[in-house]
Amino acid sequence: MKRAVILMNLGSPDSTEVKDVKRYLNEFLMDARVIDKPWLLRNLLVRGIIVPFRAPKSAEAYKQVWTDAGSPLIVLSQQLATALDGEVEEPVVIAMRYGTPSPRQVFDLLQSQHPDLEQVLLVPMYPHYAMSSYETAVEYAKEQHKEGRYRFRLDYIRPYYNNEEYLHALCESIRPYLDGDYDQILFSYHGVPERHIYKGDITGQHCLKSGNCCDVPSAAHQYCYRHQCWATTKEVVRRLGIPEGKWGFSFQSRLGRDPWLQPYTAQRLSELPKEGVQKVVVACPAFISDCLETLEEIAGEGKELFLHAGGENFTMIPCLNVHPLWVQALAKWVRDYAQGKTDMLQFDSAHELLPKKSIMDII
Ligand SMILES: C=CC1=C(C)c2cc3[nH]c(cc4nc(cc5[nH]c(cc1n2)c(C)c5CCC(=O)O)C(CCC(=O)O)=C4C)c(C)c3C=C
Ligand SMILES: [Fe+2]
Ligand SMILES: [Fe+2]
């Protein structure tokens, strides 16, 4: 086989033991695209303060969602790879940004199993571009590919937040949950610090400079996480005919004290009952596979917050996971790739386009 496909996700700890969670969090948070502080400060912060305090709590949280087969994120990513493998000629495997299997391990395996391998298509399991998600995954894979001097070429799929097949699968996965009685559907995305949005603004003068910046056309949008989350939401709302007043938009998982994108999901879930929302449905389109952030933070803690604040009914919509339309979407991209079509393929990362000073700033 001359081609192969890698589905690349974030990764999870090896187990729910505190030592494994510590190792995972150290690798994750020492990534300069996640905690974008100078190395010494980051090291002190991460190894000295954040990880020692956070790891025991995170380990408990992971225990709430862990399955007999392991972390939901890894199990569901593997199930997706298996389903896609059944639909396309190319072998499909998974790789993780943190933990295992690393891109390097996967590249080695693919090259040894397929000595005539010429092209590998990397599909990041992130529909939206963020320095701390899509960009770090792709840049890390590119780095490992370069270092290993592999014989095959590495291509990667561009962010697909506004792609037809992705949106179709997402809408159809949400539609059945809107058939019943609901007061509001809340679209909750993983948050990022506002600073990350400023850093990714290639125009230097657009992002978060006005209340409606994400609706005003700009070159910044190809790297603006907020714009891309907004665009996915608006398109799902339009396609599903969700009435004004029956949908909301928020960001979850804030870490630390810096301002992150707002409104915060936890706050909205506590406020909604007072605003007359008794029945809420939550969708998390930034995640392809259900994981700690959807299963524990939203379906667990978020539900409790909402009910405690007086809400009556909380429904969580599963991520795309192995939805047949999502598998079909991926299969189409792989077939297009095999036929030499390039419209879904790579583009320069913001990191490559930003002025030198900003690059020094993040590394
Ligand atoms: C500065 C901290 C973080 C940023 C920025 C961030 C961005 C970001 N993360 C995801 C997707 C996932 N994050 C997950 C877990 C997780 N995220 C952070 C911190 C930041 N993420 C931490 C510390 C953790 C670990 C768990 C915890 O201690 O809370 C996960 C789940 C992993 C799993 O094993 O299930 C996902 C997925 C995106 C998409 C993103 C930027 C857009
Ligand atoms: Fe995260
Ligand atoms: Fe914007």
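We now turn to the structure provided with this report. Computed from a predicted structure; not experimentally measured.

Quick notes on the site of ligand 1
Then, in step 1: In the vicinity of ligand 1 lie 26 residues, with Ser 12, Arg 54, Ser 58, Tyr 62 and Leu 292 positioned nearest.
Then, in step 2: Here Ser 12 contributes a side-chain N or O atom positioned 2.5 Å from an oxygen atom of ligand 1.
Then, in step 3: Within the contact set of ligand 1, an oxygen atom lies 2.9 Å away from a backbone nitrogen or oxygen of Leu 292.
Then, in step 4: Counting residues per element, the ones that place at least two in the shell around ligand 1 are helix H1 (18-29), helix H2 (39-65), helix H5 (131-147) and helix H10 (292-308).
Then, in step 5: Considering each element in turn, the shell around ligand 1 owes the most residues, four residues, to H1.
Then, in step 6: Looking at the shell around ligand 1 residue by residue, the class counts come to 18 nonpolar, six polar and two charged.

Quick notes on the pairing of strand E3 (residues 119-124)
Then, in step 1: Where burial is concerned, most of E3 is hidden: six out of the six residues are buried.
Then, in step 2: Of the two faces of E3, both are covered, the one formed by Gln 119, Leu 121 and Val 123 as well as the one formed by Val 120, Leu 122 and Pro 124.
Then, in step 3: Sheet topology places E3 next to strand E4 (residues 153-156); four bridges connect them, and they run parallel. Pairing of Leu 121 across the sheet is with Asp 155, part of E4.
Then, in step 4: What joins E3 to E4 is H5, and the crossover it makes is right-handed.

Let's talk about the pattern of salt bridges
Then, in step 1: Applying the stated rule across the entire model yields 26 salt bridges.
Then, in step 2: Taking the shortest distance from any N to any O, the salt bridge between Lys 332 and Asp 336 comes out at 2.8 Å. Taken as a pair, Lys 332 and Asp 336 lie in helix H11 (residues 324-338) at a separation of four residues, close to a single helical turn.
Then, in step 3: Beyond isolated ion pairs, a larger network of salt bridges with shared partners links Asp 14, Glu 17, Lys 19, Asp 20 and Arg 23.

Describing the packing of helix H4 (residues 103-113) against H5
Then, in step 1: Following both chains from N to C, one finds H4 and H5 inclined at 50 degrees, their axes separated by 9 Å at the closest point. It follows that H4 is oblique to H5 by the angle criterion. In terms of crossing hand, the pair formed by H4 and H5 is right-handed. Of H5, the residues touching H4 (which contributes Pro 103, Arg 104 and Phe 107) are Tyr 140, Ala 141, Gln 144, His 145 and Glu 147.

Side note on the coordination of the iron ion (ligand 3)
Then, in step 1: Surrounding the iron ion (ligand 3) are the protein donor atoms Cys 213 (SG) and Cys 214 (SG), at 2.4 to 2.6 Å.
Then, in step 2: By relative accessible area, Cys 213 is classed as buried at 2%.
Then, in step 3: Given a relative accessible area of 4%, Cys 214 falls into the buried group.

Overview of the nonpolar core
Then, in step 1: Of all hydrophobic cores here, the largest spans 75 residues; its most connected members are Leu 7, Ile 174, Ile 185, Phe 187, Tyr 225 and Trp 326.
Then, in step 2: At eight residues, H11 tops the list of elements feeding residues into this core.
Then, in step 3: Discounting chain neighbours no more than four positions away, the residues touching Leu 7 are Ser 77, Leu 80, Ala 81, Leu 84, Val 92, Val 93, Ile 94, Ala 95, Val 123 and Met 125.
Then, in step 4: Formed by 43 residues, the second largest nonpolar core is a distinct cluster that contains Leu 10, Tyr 62, Phe 107 and Tyr 150.

With respect to the packing of aromatic side chains
Then, in step 1: Applying the stated rule across the entire model yields 21 aromatic pairs.
Then, in step 2: Between Tyr 150 and Phe 152 the ring centres are 5.3 Å apart and the planes differ by 25 degrees, which places this aromatic pair in the stacked class.
Then, in step 3: Take Tyr 150: its relative accessible area is 10%, and that puts it in the buried class.
Then, in step 4: When the ring of Trp 326 is compared with that of Trp 333, the centres are 5.7 Å apart and the planes differ by 85 degrees; the resulting orientation is edge-to-face.
Then, in step 5: Classification of Trp 326 by relative accessible area gives buried; the value is 0%.
Then, in step 6: Look at Trp 333 and you get buried, because its relative accessible area is 3%.

The rules behind these values
- Residues numbered from 1 in each chain as written.
- Chains lettered and ligands numbered in written order.
- Predicted model: local features only at pLDDT ≥ 70, side-chain atom pairs only at ≥ 80, totals over all residues.
- Heavy atoms only, no water.
- Near = heavy atom within 4 Å.
- Polar contact = N/O pair within 3.5 Å; in protein donor to acceptor, adjacent residues only side chain to side chain.
- Helix = DSSP H or I, 4+ residues; strand = E, 2+ residues; numbered from the N terminus.
- Nonpolar A, V, L, I, M, F, W, Y, C, P; charged D, E, K, R; others polar.
- Buried < 20%, exposed > 50% of the residue type's maximum accessible area, 1.4 Å probe, protein only.
- Pairing = 2+ DSSP bridges.
- Right-handed = clockwise from strand over helix to strand, strands pointing away.
- Salt bridge = Lys/Arg side-chain N within 4 Å of Asp/Glu carboxyl O.
- Axes fitted to C-alpha atoms, helices over the stretch in contact; angles between N-to-C directions.
- Parallel < 35°, antiparallel > 145°, perpendicular 65-115°, else oblique.
- Left-handed = near helix turned anticlockwise from the far one by under 90°.
- Contact = heavy atoms within 4.5 Å.
- Donors = N, O, S within 2.8 Å, 3.2 Å for Na, K, Ca; no water.
- Core = buried A, V, L, I, M, F, W, Y, C linked by side-chain atoms within 4.5 Å.
- Phe/Tyr/Trp six-rings, centres within 6.5 Å; stacked < 30°, edge-to-face > 60°.

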